[in-house]
There are 2 protein chains.
Amino acid sequence: MQLFGGIEAGGTKFVCAVGDGPETLREVRRFPTTTPQETLGRAIAYFREIQAGGDMLRAVGVAAFGPVDPRPGSPTFGHITSTPKPGWANTDVVGELRAALNVPVGFDTDVNGAVLGEHRWGTAQGLDTVVYFTVGTGIGGGALVAGKLLHGMMHPEMGHLRIPHDREADPFPGICPYHGDCLEGLASGPAIEARWQQRGETLPPDHPAWDLEARYLALGVVNVILTLSPQRVILGGGVMQAMLFPRVRREVRALLNGYIAVPALTEGLDRYIVPPGLGDRAGVLGAIALAQHAAT
Amino acid sequence: MQLFGGIEAGGTKFVCAVGDGPETLREVRRFPTTTPQETLGRAIAYFREIQAGGDMLRAVGVAAFGPVDPRPGSPTFGHITSTPKPGWANTDVVGELRAALNVPVGFDTDVNGAVLGEHRWGTAQGLDTVVYFTVGTGIGGGALVAGKLLHGMMHPEMGHLRIPHDREADPFPGICPYHGDCLEGLASGPAIEARWQQRGETLPPDHPAWDLEARYLALGVVNVILTLSPQRVILGGGVMQAMLFPRVRREVRALLNGYIAVPALTEGLDRYIVPPGLGDRAGVLGAIALAQHAAT
């Protein structure tokens, strides 16, 4: 059988799987992100087991934490580039995998992978301009624009958007080491924990933390709507509990205030701001979608 | 001779011209934007003169104030849609011109037209992902992404980005009727005039107005860099005096703070944030580029 391999290469863990879509996903394996040598070694060992088992590994895709170089043809294509994560700066992920496995390797940011997976199998099917935010340890944003993954000069860094921050209402200064109170600095999981001195999961739904969180996420989403004019915005990641969605939608509608007079934005936004259709498999399925793309 | 016609359809004036690029631009005619009937009538009369003069008018392009519907195939393609400008809501600009002139009509936002013109003849030649901001009576942003004009659900509205606003340093509440202190509410020409009680042109270069203006523009530019990852950002419009460019570049670099480790953004930004190569003809030449696009 022909299989595609996916690696969701996160800053804290790697998830590997094979298959050709949500129905056939199998052999999911998770391991912690340690050194590049050890972590990529475990990923390579995993795919070699697949190859040894008699299945043909057609291609591998990597949806990686960043910053990365996702531009095919660039001399550093497939590298994790200037990350502060110890040991990982300038790691040639694609080169290592290609040399070891001898298959085509697709590569992009974790969030571009996720938006591609959602486009193929999830809630972005049939759309051509879609944004995917992940809100967790950090905040990242990926986008499909006119049917193609958005790269531009390099790739988006939507987590670092500058948004209004009312220091009277919220004196917390933000935790981004580069920007202080950018979106990620104010609204990532670690920001919630640092502000309230307890982990987000332990805060009850009526805690003021959540209205504040919804407000900041809505400001980020609104800025991306105004810049990219997406047909849908997908919000995933560990922070995105179900009760946040109605609050984010309400804030987005209030912030736009009817300015963009299209029904998707002036009505309930229930189908405009949505969780990933693929749930927590969006990452690894996105990596498989990148593998399929690399194989064509 | 085969000619392309362009209409820079602004909220205060229309500019019409014919030609096939900067070298051949001729017959430039300007008139005020009054009612749709009168204003489109004058544009039609202008092009009929051209046709009567024996030149073949191959196509016409319109780069229009908005909001507009720029999506070919949409039932309201070529309309100015929900504008608050009296009389202009739901005006079928393309339908009127096509019926009167019997030629293909290209149509997009003024800023998408401008970025297309800059891509063909100006400072965006050879690039594929570029943003064009105009800063004048309002603020608008257009973009080319991977070589195509950005539409998404409708079109960008970058002028209405939400940005940090320190009310202690700048108590001015902003003038946007929809959002108060969005980018346009804080940094458009009328916002400068309302804040300082005098027109921007009369404020000396060392007036604090300009550092504040550069700060707000930089916040908007940074958010667009983080979302679209453009290869270049072009700033045009009546407010963009030459002395603003070094200040905006300095602020953008300070705000990004080295996070995106590409030379274009960590060095001087002299070639990254630039004025339009076509100067004040970017608008009407963009319209001609839209005409050429419609003719192919």
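Treat the numbers as computed from the prediction; the structure is a model and nothing was measured.

### Describing the interface of chain A and chain B
Line of reasoning, step 1. Taken together, the 42 residues of chain A in the interface contact 42 residues of chain B.
Line of reasoning, step 2. Of the roughly 3,600 Å² buried where chain A meets chain B, counting both sides, 65% is carbon and sulfur surface.
Line of reasoning, step 3. Counting the contacts that link chain A with chain B gives 0 salt bridges.
Line of reasoning, step 4. Counting across the chain A and chain B interface gives 24 residue pairs in polar contact (both at pLDDT 80 or more).
Line of reasoning, step 5. The set of elements that each furnish at least two residues to the side of chain A that touches chain B consists of α6 (208-228), α7 (244-256) and α8 (263-266) of chain A.
Line of reasoning, step 6. Among the elements that make up the side of chain A that touches chain B, the one with the highest residue count is α6 of chain A (7 residues).
Line of reasoning, step 7. Considering only residue class, the side of chain A that touches chain B consists of 26 nonpolar, 13 polar and 3 charged.

### Focus: unusual backbone geometry
Line of reasoning, step 1. Cis geometry is found at the peptide bond from G66 of chain A to P67 of chain A, where omega equals 5°.
Line of reasoning, step 2. Position of P67 of chain A among the secondary structure elements: in the loop between β4 (56-64) and β5 (79-80).
Line of reasoning, step 3. The phi angle at A146 of chain A is positive, at roughly 50°, despite the residue not being glycine.
Line of reasoning, step 4. Along the polypeptide, A146 of chain A turns up in the loop between β9 (139-145) and β10 (148-149).
Line of reasoning, step 5. The partly exposed category is assigned to A146 of chain A, whose relative accessible area is 36%.
Line of reasoning, step 6. Its identity is not glycine, yet Q197 of chain B carries a phi of approximately 60°, on the positive side.
Line of reasoning, step 7. Along the polypeptide, Q197 of chain B turns up in the loop between α5 (189-196) and α6 (208-228).

### Some points on the confidence of the model for chain A
Line of reasoning, step 1. Per-chain confidence: chain A averages 96 in pLDDT, with 100% of residues scoring 70 or above.
Line of reasoning, step 2. For this predicted complex, the interface confidence reaches an ipTM of 0.96, while the overall pTM sits at 0.96.

### Remarks on the relation of the copies chain A and chain B
Line of reasoning, step 1. Taken as rigid bodies, chain A and chain B are interconverted by a rotation of 180° and an axial shift of 0.0 Å, the fit giving an RMSD of 0.0 Å. The superposition operator between the copies reduces to a two-fold rotation axis. Judged by C-alpha distance, P164 of chain A is the residue of chain A that lies nearest the rotation axis, at 1.9 Å.
Line of reasoning, step 2. Taken as a fraction of all interface residues of chain A, those also at the interface in chain B reach 100%, which identifies the copy contact as same-surface.

### Some thoughts on the environment of V111 of chain A
Line of reasoning, step 1. Along the chain, V111 of chain A turns up in helix α3 (residues 110-121).
Line of reasoning, step 2. When residues no more than four places from it in sequence are discounted, the contact partners of V111 of chain A are Y132, T134, G140, G141 and G142 of chain A.

### Considering the packing of aromatic side chains
Line of reasoning, step 1. Going through the model one piece at a time under the given rule, you end up with 12 aromatic pairs over all chains.
Line of reasoning, step 2. When the centroid spacing of 5.6 Å and the interplanar angle of 70° are considered together, the rings of F65 of chain B and W88 of chain B count as edge-to-face. In this pair, F65 of chain B is assigned in the loop between β4 (56-64) and β5 (79-80) and W88 of chain B in the loop between β5 and β6 (91-92), connecting sequence segments 23 residues apart. Here the two residues F65 of chain B and W88 of chain B agree in accessibility, since each one is buried.
Line of reasoning, step 3. Taken together, the ring pairs in this structure connect F14, F31, F65 and W88 of chain A into an aromatic cluster.

### With respect to the pairing of strand β1 (residues 2-9) of chain A
Residue and element names in this part refer to chain A.
Line of reasoning, step 1. Most of β1 sits inside the fold, with 6 of its 8 residues counted as buried.
Line of reasoning, step 2. Summarising the sheet, β1 and β4 pair through 8 bridges and their orientation is parallel. Note that in β4 the partner of G6 across the bridge is G61.
Line of reasoning, step 3. Bridge count between β1 and strand β2 (residues 13-19): 6 bridges; the pairing is antiparallel. If you follow I7 over to β2, its bridge partner there is C16.

### Structural notes on the domain arrangement of chain A
Residues and elements named next belong to chain A.
Line of reasoning, step 1. By domain assignment, chain A separates into domain 1 (2-110 + 280-295) and domain 2 (123-275).
Line of reasoning, step 2. Computed from C-alpha atoms alone, the centre-to-centre distance between domain 1 and domain 2 is 27 Å.
Line of reasoning, step 3. Across the domain 1/domain 2 interface, buried area totals approximately 730 Å², and carbon plus sulfur atoms make up 62% of it.
Line of reasoning, step 4. Among the residues of domain 1 in contact with domain 2, P70, R71 and D108 are the three that bury the most area, contributing 43% of the side total.
Line of reasoning, step 5. Inspection of the region where domain 1 meets domain 2 yields 0 salt bridges.
Line of reasoning, step 6. Our count for the contact surface shared by domain 1 and domain 2 stands at 3 residue pairs in polar contact (both at pLDDT 80 or more).
Line of reasoning, step 7. Of all elements in the fold, only β7 (105-109) and α9 (282-295) reach the threshold of two or more residues within the side of domain 1 that touches domain 2.
Line of reasoning, step 8. Here the side of domain 1 that touches domain 2 is composed, by residue class, of 5 nonpolar, 1 polar and 3 charged.

### Some words on the side chain of T83 of chain B
Residue and element names in this part refer to chain B.
Line of reasoning, step 1. For T83, the position within the fold is in the loop between β5 and β6.
Line of reasoning, step 2. Overall, the relative accessible area of 8% leaves T83 in the buried class.
Line of reasoning, step 3. Side-chain polar atoms of T83 contact the backbone nitrogen of K85, separated by 3.0 Å.
Line of reasoning, step 4. With residues up to four places along the chain from it excluded, the contact list for T83 reads F65, G66, P67, W88 and A89.

Reading the values: rules and limits
Sequence order as written defines the numbering, with residues in each chain counted from 1. Numbering of ligands from 1 and lettering of chains from A proceed in the order in which they are written. Confidence filtering applies because this is a predicted model: local features only for residues at pLDDT of at least 70, side-chain atom pairs given and counted only at 80 or more, and all residues used for totals across whole chains, interfaces and linings. Excluding hydrogens and water, the side-chain values take into account all heavy atoms of the structure. Contacts: residue pairs with any heavy atoms within 4.5 Å of one another. Accessible-area loss on putting two parts together, using a 1.4 Å probe and summing over both, is the definition of buried area adopted here. By salt bridge we mean one thing: a side-chain nitrogen of Lys or Arg within 4 Å of a carboxyl oxygen of Asp or Glu. Side-chain atoms alone can form a polar contact between residues adjacent in sequence; in general such a contact is a pair of N or O atoms within 3.5 Å, and within protein one must be able to donate a hydrogen while the other accepts it. The secondary structure listing takes helices from DSSP runs of H or I that are at least 4 residues long and strands from runs of E that are at least 2 residues long, numbered from the N terminus. The classification used treats Ala, Val, Leu, Ile, Met, Phe, Trp, Tyr, Cys and Pro as nonpolar, Asp, Glu, Lys and Arg as charged, and all other residues, Gly among them, as polar. Each residue is placed in one exposure class: buried if its accessible area under a 1.4 Å probe, protein chains only, is under 20% of its type's maximum, exposed if it is over 50%, and partly exposed if it falls in between. Each residue carries a pLDDT value, the predictor's own confidence for that position, ranging from 0 to 100. When the copies are superposed, the least-squares fit draws on C-alpha atoms of residues that have pLDDT of at least 70 in both. Here the aromatic set is Phe, Tyr and Trp, taking the six-membered ring for Trp, and pairing holds for ring centres within 6.5 Å; pairs whose planes are under 30 degrees apart are stacked, those over 60 apart are edge-to-face, and all others are tilted. Each pair of strands is called paired provided DSSP finds at least two bridges between the two strands. The start and end points of each domain follow an automatic or database-based domain assignment.

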